[in-house]
Amino acid sequence: MHTIDQIIEKIRSYNPLVDEKLLRDAYEFAAMAHAGQKRLTGEDYIQHSLATMSNLASLRMDTPTLVAGLLHDVPEDTSYTLEDIRKKFGKEVAKLVEGITKLGTLKYRGLERYAENLRKMFIAMAEDIRIIIIKFADRLNNLQTLSHLRPDKRKRIALETLEIYAPIANRLGMGDMKGNLEDLAFPYAMPKEYTWVVGISQSRLKIEKKYLEKIKKILHKELLENSIPVTSIDVRIKHLYSLYKKILEKERDIDKVYDLIAVRIICKSVADCYRVLGAIHKKWVPLKGRIKDYIAQPKPNGYQSLHTTVFADKGKIVEFQIRDEEMHELAEYGVAAHLRYKEFGAKKMSKEKTEWLKNLLIIQKKIADNNAYLAEVKVDVFQNRIFVFTPKGDVIDLPENATPVDFAYHIHTDIGDKCASAIINDQIAPLSSRLRSGDVVEIKINKNRTVPNEDWLNFVRTNLAKDKIRQSLRQKQEGVISRLLNRE
Ligand code: MN
């Protein structure tokens, strides 16, 4: 059970001057708006709002983000509107909540070839990186309570997490978030594989944990003797889902995975990182080709560390990861680290790091620029557009409430004129159905049909479809008239 007091306490630990009254007002408002609503867990709905806020507090987010986290489901699920939120809590909070509501319309329906398009749309649609971070915080809690959902829903949400959310977290450098999202979704998305990985890793984990505690002590002594100061030496266990993927890469042989458990050393400076590396190599023989300098050459998402794998005591293979404090914060929190509330006197980020942030923030822009349709996505978001897929994975953008007939005319006049039925996400659906973002739409045509149905005019949404239907009907009429005239 979360309480607002407890969360405010947590926020105060990184922001002693936080506007407590504002947070309590937002809580009162959310609790009133959601009053009487229950989650499937049986808890009051407000528990979900608080859990989302608490996740954001763990990421040390700023006050507007925390408030938006509390209110994120209000416009969608209660009688209060975005306008109410704007009046009470201002433009910034309202914009964040609006963004979350919009992203909520994007849904992954389980077909891998659409995943990359969906990821791009997700990033491009979020005007503010904080919106994505609130979605992550929301999703974390939804995953924690997933067992209460219907099995088909469970699976959809779990797969969406693995295919859309986690890769975005990775792209934004949020390693900790990525790992948590994946590990929570893994058992629901792939129960058999999950059980298999847990089964084959348990015994090795037990033995290696003990062994690495010994290695840790030896290293500690070694560093002390060489007077290299470090902040911490920890044993880190690979996240389960990432272990699963690694095992698949290694011909399903867990013994070929060398970093099931690794020793992580956090140093006080970059120079110390290299000194630690030197000390490790003096003590143990490194494996050829396994030394990776991600400090000199960071990964595309900004990750920096030194990795090395050595033959440690008794010839056992051990991986070490060495980084400084700033690199560590970036590896765990990525873009969120830059958005963090900074305490007074916190040291300024180096120029390199702010450069990296700039690069990361233009990811959104780059993605939009590289894709003509995505450039449209950004503009159209404000005009309430939806985005649906053809069976081949192409994206078609339509106005809200568009129907399969609108979709058909959007593809080709002939498909519109001859359309007979629609299949939406593998289910037969009426031609008058309202499409939603992320839907996969297939149109079945009737080759013998020559004219569209006049009734379609009652439900189509786009002017394009209306014009085409009228035009085809008129042509047909003119054809009949001219035939009649010719007969005379
Ligand atoms: Mn929610």
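Residues numbered from 1 in each chain as written. Predicted model: local features only at pLDDT ≥ 70, side-chain atom pairs only at ≥ 80, totals over all residues. Heavy atoms only, no water.

Undergrad: Pulling in residues and values, what's your account of helix α13 (residues 270-283)?
TA: The end-to-end C-alpha distance of α13 is 20 Å, a good match for the 20 Å that 14 residues give at a rise of 1.5 Å each. Among the residues of α13, D272, C273, V276, L277, A279 and I280 are the ones counted as buried. Across the axial projection of α13, the buried residues extend over an arc of 165°, all falling on one side. At its buried positions, α13 is contacted by α11 (191-225), β1 (230-237), β2 (261-267), β5 (306-311) and β6 (317-324). (Helix = DSSP H or I, 4+ residues; strand = E, 2+ residues; numbered from the N terminus. Expected span 1.5 Å × (residues − 1). Buried < 20%, exposed > 50% of the residue type's maximum accessible area, 1.4 Å probe, protein only. Arc of directions from axis to C-beta. Contact = heavy atoms within 4.5 Å.)

Undergrad: Would you mind going over the packing of helix α10 (residues 175-189) against helix α12 (residues 240-249) in detail, with residue names and values included?
TA: One way to put it is that α10 packs onto α12 with a least axis distance of 7 Å and a crossing angle of 70°. One way to sum up the angle between α10 and α12 is to call them roughly perpendicular. In contact with E182, D183 and F186 of α10, α12 contributes L240, Y241, S242, Y244 and K245. Within the contact of α10 with α12, the residues separate by chemical class into four nonpolar, one polar and three charged. (Axes fitted to C-alpha atoms, helices over the stretch in contact; angles between N-to-C directions. Parallel < 35°, antiparallel > 145°, perpendicular 65-115°, else oblique. Nonpolar A, V, L, I, M, F, W, Y, C, P; charged D, E, K, R; others polar.)

Undergrad: Report on the environment of S305, specifying residues and quantitative values.
TA: Relative to the helices and strands, S305 resides in the loop between β4 (292-293) and β5. As for S305 and D324, which are separated by 19 residues in sequence, their C-alpha atoms are 8.0 Å apart. Beyond its immediate chain neighbours, meaning those up to four positions away, S305 contacts K292, D293, Y294, I295, I322 and R323.

Undergrad: How would you explain the side chain of T145 if you had to name every residue and give the values?
TA: With respect to the helices and strands, the residue T145 is situated in the loop between α8 (129-144) and α9 (151-171). Those residues in contact with T145 that lie beyond four places of it in its chain are R39 and T41.

Undergrad: So what's going on with the pattern of salt bridges? Which residues, and what values?
TA: Inspection of every chain in the model, using the stated rule, returns 30 salt bridges. One salt bridge in this structure joins D259 and K238, with 3.1 Å as the shortest N-O distance. Of this pair, D259 sits in the loop between α12 and β2 while K238 is found in the loop between β1 and α12, placing the two residues 21 residues apart along the sequence. In this structure D259 comes out as buried when scored by relative accessible area, which is 6%. In this structure K238 comes out as buried when scored by relative accessible area, which is 14%. Of the charged contacts, one joins K246 and D259 as a salt bridge, the two residues approaching to 3.3 Å between their closest N and O atoms. Taken together, the positions of K246 in helix α12 and D259 in the loop between α12 and β2 put the pair 13 residues apart, joining distant regions of the chain. Because the salt bridges share partners, they merge into one network encompassing D5, E9, R12, E20 and R24. (Salt bridge = Lys/Arg side-chain N within 4 Å of Asp/Glu carboxyl O.)

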